[in-house]
Structures are given as C-alpha cells and as structure tokens.
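Inside the fold
Next come the chains, spelled out residue by residue.
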Amino acid sequence: MAGLDIVVIAFVVLVILVLFAGIKTVPQGYRYTVERFGRYTRTLEPGLNIIIPFIDKVGAKMNVMEQVLDVPTQEVITRDNASCAADAVAFYQVLNAAEAAYQVSDLQSAILNLTMTNIRSVMGSMDLDELLSNREIINDKLLHVVDEAVGPWGIKVTRVEIKDIQPPKDLVDAMARQMKAEREKRAQVLEAEGSRNAQILRAEGAKQSAILQAEGQREAAFRDAEARERLAEAEAKATKMVSEAIAAGDVQAINYFVAQKYTEAMAAIGTAPNSKIVLMPMEASSLIGSLGGIGAIAREVFGDGGNSPAPVRQVTPRTPPVRNPFDTTKQEG
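Counting of residues starts from 1 at the beginning of each chain's written sequence and follows it residue by residue. Where totals are concerned, whole chains, interfaces and linings use all residues; where local detail is concerned, this predicted model gives features only for residues with pLDDT of at least 70, and gives and counts side-chain atom pairs only at 80 or more. Side-chain metrics rest on all non-hydrogen atoms present in the structure, leaving aside hydrogens and water.

Looking now at the packing of aromatic side chains. Ring geometry is summarised as follows: Phe, Tyr and Trp rings, the Trp one being its six-membered ring, pair when their centres sit within 6.5 Å, and such pairs are stacked at plane angles under 30 degrees, edge-to-face over 60 and tilted between the two. Taken as a whole and assessed by the stated rule, the structure comprises one aromatic pair. Lying across the ring of Phe 91, Arg 159 places its NZ or CZ 4.5 Å from the centre. Throughout this description, the term charge over a ring refers to an Arg CZ or Lys NZ atom that lies within 6 Å of the ring centre and within 35 degrees of the ring normal.

So this is what it looks like as structure tokens:
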C-alpha cells in the first residue's frame, strides 16, 4: 500500500504540473505568441488560454498598448548650411504581435534609429527660417515617412512631435537684431501713414472750412446787395413821391425834404467820434420854419379829426451879431 500511495501522489503531482504547463493567463494590453517546436503557431488573447504542455510554449510577450519613445537630441544641418540641435518624441502601437516579434529584432531601437534618420532628412531639406516657423509641417512629414517605414513590422506610429529646436547662439542674436529692425521699420511705416492721414484730414477740414466760409460770405454779400437794393428802391420811391409833390406845387413837401436832410446832417456832425465841441453859425428861423413845415405835413398825412390844419406862424427872432473874440475894437451899440 505504501508503494501504491507513492504512485498516486506522483500521478497527481504530474497532473498538476501538466495543468500548470498548459494553462496560460494573458493580462489585458498584451499578446503572447505560441511556438511549437520553435515555430510560430498562434497568438494568445487576453484572458485564460490553454496550450499543449511540453509541446507548445510562449514565445514573445508583446505590449499592444500605445507607447512613447524619447528621441535624443541630435545635430541637424539645414538647407542653408545652418547648424541646429533638435530632439523629438514618438508614439507607436503594436497592431500585429507576430510581425512585431518576428519581423524585426529589437523593436524600440529600430523605431528610434529610423525616426532620428528621418528627422535629419526632413529638417535638412528646409531653410532655418522655415524650420523654426513650420513645426506642424515637419511633424506631418515625419509621421508619414516613419509610419510608412514601420508598416511591415506590424507597428503603427501615431504621432511624431519635435520638442525643441536650438539654433546657434550667434544665429539667435542675429535673428533678434533682424526682428528688432523689422519691427522698427514697421513702426516707422505706421507712424508715417498716421502722419499722412492726419495731414489729409487737416487739409480736408481746411478745405471744408474755406468752402463754408466762402458760401457764408457769398450769402452775406447777396443779402447785403438785396438790402441795398431794397433801400435804393425805397429812396427812389420816396424821391419820386417828393418830386411829384414838388411838381404839383406843394411847398411843404420841399420843406419836409430839406428839413430831413438838414437834421440828418446835424445828427451825423453831432455823433462824430472826433468832435467834442461844435461852434458854427446857423439861422434858427430857417430850422424852426423847417420843423413847422414837417409838422404841417404830418397833420395833412395823419389828419386832425376832420379840421383843417392851422397855419404855422413863423417867428423871426432877432439874431445878435456874432462877435469875434480876438477883435479888440469897441463895437458901438
């Protein structure tokens, strides 16, 4: 019985070992290749899988998640012979575990060297100014070239990004001076355009002001001429009426006309700014007679309640002789 127990125990242990050798658990995000006597047969998916113990074995354990590959800094000579340093980062994913395991050796090293070579090729075909200002174009070109190259390996390159481009220090200083000069030139151009626009606006304003002033002067002259025309018409009409009255033998009209002009002349003399004292001989009887004539004409024109106007009595006062203050001769009474 002891020997039989040993055999049973050995058999159970053998079964357990066979089970452990034939059952394989694949974690999520990985793919395992199966080799039978060294030849690839199939790929194990995530989960519980069974293989033939001691005949099949797990070959390569491939990570099918998207992975990142850091591309180290390298020197690049541009098309215009400018030297600069550039580094990048690449993202790739294994789509076919069998091809990635058996079509290329050292997958990451192959992708890294392929990316570095294409960075030098793509960036070397561009000028430095174009290189610094067109990173999106560089990334697109690199992605297209590298992805096409790794296609037979069962790899998909999802992104290739240039992280940094470092031109030489002297070249950076020259570019800074160029940028400063360009900005100063643009500032001077903008200042000149602003000055020109201001002068144009000022000229337009002066032009409009001159036009409006000329129109105002023309309107004022027109109205002044119209006023003078109306005044001349009124004077002509008044003169005509006086002439008709004179022709009819109306002496009072003559007296009114003469008295009006005489009074206007005296008012002009009295309101002159350079005249303070006026000494001149005049006949008071003539002025009084003229004023009487004016009153008579006014009563004739406006009427006196149906009564005939009373004649104006002319008083002739005695006018004393004017004595010369410089004459020392005694005058007789």
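Looking now at the pairing of strand 7 (residues 83-94). Buried, partly exposed and exposed residues are distinguished by accessible area as a fraction of the type maximum, computed with a 1.4 Å probe on protein chains only: under 20%, between the cut-offs, and over 50%, respectively. Where helices and strands are cited, they refer to DSSP runs of H or I of at least four residues and of E of at least two residues respectively, numbered from the N terminus. Of all 12 residues that make up strand 7, nine are buried, and the element is covered over most of its length. Following DSSP output, two strands are said to pair if at least two bridges run between them. The turn joining strand 6 (residues 67-77) and strand 7, which pair antiparallel and follow one another in sequence, is formed by five residues; a positive phi near 60° is taken by Asn 81. Where strand 7 meets strand 8 (residues 155-166), 10 bridges bridge the pair, whose relative direction is antiparallel. Bridge assignment links Ala 90 to a residue of strand 8, and that residue is Val 160.

Here we come to the confidence of the model for the protein. Taken as a whole, the protein shows an average pLDDT of 79; of its residues, 75% reach a score of 70 or greater. Known as pLDDT, the predictor's confidence for each residue is given on a scale from 0 to 100. Summarising per-element confidence for the protein, the mean pLDDT is lowest in helix 8 (residues 284-302) (51) and highest in strand 2 (residues 30-36) (93). By definition in these notes, contact holds between two residues if any of their heavy atoms fall within 4.5 Å. Segment residues 304-333: pLDDT under 50, and 11 contacts once partners within four positions in sequence are set aside and those in other chains are kept.

Time to look at helix 3 (residues 107-124). An ideal rise of 1.5 Å per residue puts 26 Å on 18 residues; helix 3 measures up with 26 Å between its terminal C-alpha atoms. Taken as a whole, helix 3 has its buried residues at Leu 107, Ala 110, Ile 111, Thr 115, Met 116, Asn 118, Ile 119, Val 122 and Met 123. The length a helix should cover is 1.5 Å for every residue beyond the first.

Spatially, the three strands line up as an open sheet ordered 6-7-8, and their pairing is antiparallel. With partners counted over all chains shown, the strands left at the sheet margins are strand 6 and strand 8, one partner each. Taking the axes of each pair of neighbouring strands and ignoring which way they run, one obtains an average angle of 20° across the sheet. Bridge count between strand 6 and strand 7: nine bridges; the pairing is antiparallel. In the strand pairing of strand 7, Gln 74 is matched with Ala 86. Simply put, an axis is a line fit to the C-alpha atoms, just over the touching stretch for a helix, and the angle between two N-to-C directions goes from 0 to 180 degrees.

Here Ile 155 is to be found in strand 8. In this structure Ile 155 comes out as buried when scored by relative accessible area, which is 4%. When the C-alpha atoms of Ile 155 and Ala 100 are compared, they prove to be 6.8 Å apart, with 55 residues separating the residues in sequence. In contact with Ile 155, other than residues within four places in its own chain, are Tyr 92, Gln 93, Val 94, Ala 100, Leu 107, Ile 111, Asp 147 and Val 150.

This brings us to unusual backbone geometry. With phi around 60°, Asn 81 is a residue other than glycine that occupies positive phi space. Summarising the element assignment, Asn 81 is placed in the loop between strand 6 and strand 7. Its identity as a non-glycine residue notwithstanding, Asp 106 has a phi of 55°, on the positive side.

Bringing the sheet that holds strand 3 (residues 39-44) into the picture now. Judged by pairing direction, the sheet is antiparallel, and its three strands sit side by side in the order 3-2-5 without closing on themselves. Edge strands, defined here as strands with exactly one partner in the open sheet, are strand 3 and strand 5 (56-63). Neighbouring strand axes in the sheet, compared pairwise and without regard to direction, differ in orientation by 30° on average. By the bridge criterion, five bridges tie strand 2 to strand 3 in an arrangement that is antiparallel.

Below, the discussion takes up the pattern of salt bridges. Salt bridges are identified by distance alone: a Lys or Arg side-chain nitrogen within 4 Å of an Asp or Glu carboxyl oxygen. On inspection of all chains with the given rule, the structure shows 11 salt bridges. A salt bridge links Asp 70 to Lys 163, with the nearest nitrogen and oxygen atoms 3.2 Å apart. Of this pair, Asp 70 sits in strand 6 while Lys 163 sits in strand 8, placing them 93 residues apart in sequence. A salt bridge links Asp 147 to Lys 156; its shortest N-O distance comes to 3.2 Å.

The next point concerns the nonpolar core. Counting residues in hydrophobic clusters, the biggest one holds 36 residues, and the most contacted among them are Leu 107, Met 123 and Ile 155. Mapped by element, the contributors of at least two residues to this core are strand 5, strand 6, strand 7, helix 2 (97-102), helix 3, helix 4 (128-133), helix 5 (135-150) and strand 8. Apart from residues lying up to four places away in sequence, Met 123 is in contact with Val 76, Thr 78, Ala 86, Leu 131, Ile 138, Ile 162 and Ile 165. Here, nonpolar core means buried Ala, Val, Leu, Ile, Met, Phe, Trp, Tyr and Cys residues that are tied together by side-chain atoms lying within 4.5 Å of each other. Counting residues in hydrophobic clusters, the runner-up holds five residues, among them Val 26, Val 34, Leu 44 and Ile 51.

Another point: a nonpolar patch on the surface. Like-charged residues are merged into a patch within 9 Å and nonpolar side chains (Val, Leu, Ile, Met, Phe, Trp, Tyr) within 5 Å, provided each residue has over 30% relative accessible area and no salt bridge. Values of accessible area rely on a 1.4 Å probe in the Shrake-Rupley scheme; residue burial ignores everything except the protein chains shown. On the surface, Leu 4, Val 7, Val 8, Phe 11, Val 12, Val 15, Ile 16, Leu 19, Phe 20, Ile 23, Leu 48 and Ile 50 cluster together into a nonpolar patch covering about 1200 Å² of accessible area. Sorting the residues of the nonpolar patch by element identifies helix 1 (2-22) and strand 4 (47-50) as the ones contributing at least two each. The element best represented in the nonpolar patch is helix 1, accounting for nine residues. If you trace the backbone, Val 12 turns up in helix 1.

With that settled, the discussion passes to the side chain of Asn 118. By secondary structure assignment, the location of Asn 118 is in helix 3. Taking the relative accessible area as the measure of exposure, Asn 118 reaches 12% and is therefore buried. Separated by 2.7 Å, the side chain of Asn 118 and the backbone oxygen of Leu 114 make a polar contact. Those residues in contact with Asn 118, other than ones at most four positions away along the chain, are Leu 142, Val 145 and Val 146. The definition of a polar contact used here is a pair of N or O atoms within 3.5 Å, where within protein one atom must be able to donate a hydrogen and the other to accept one, and adjacent residues in sequence count solely through side-chain atom pairs.

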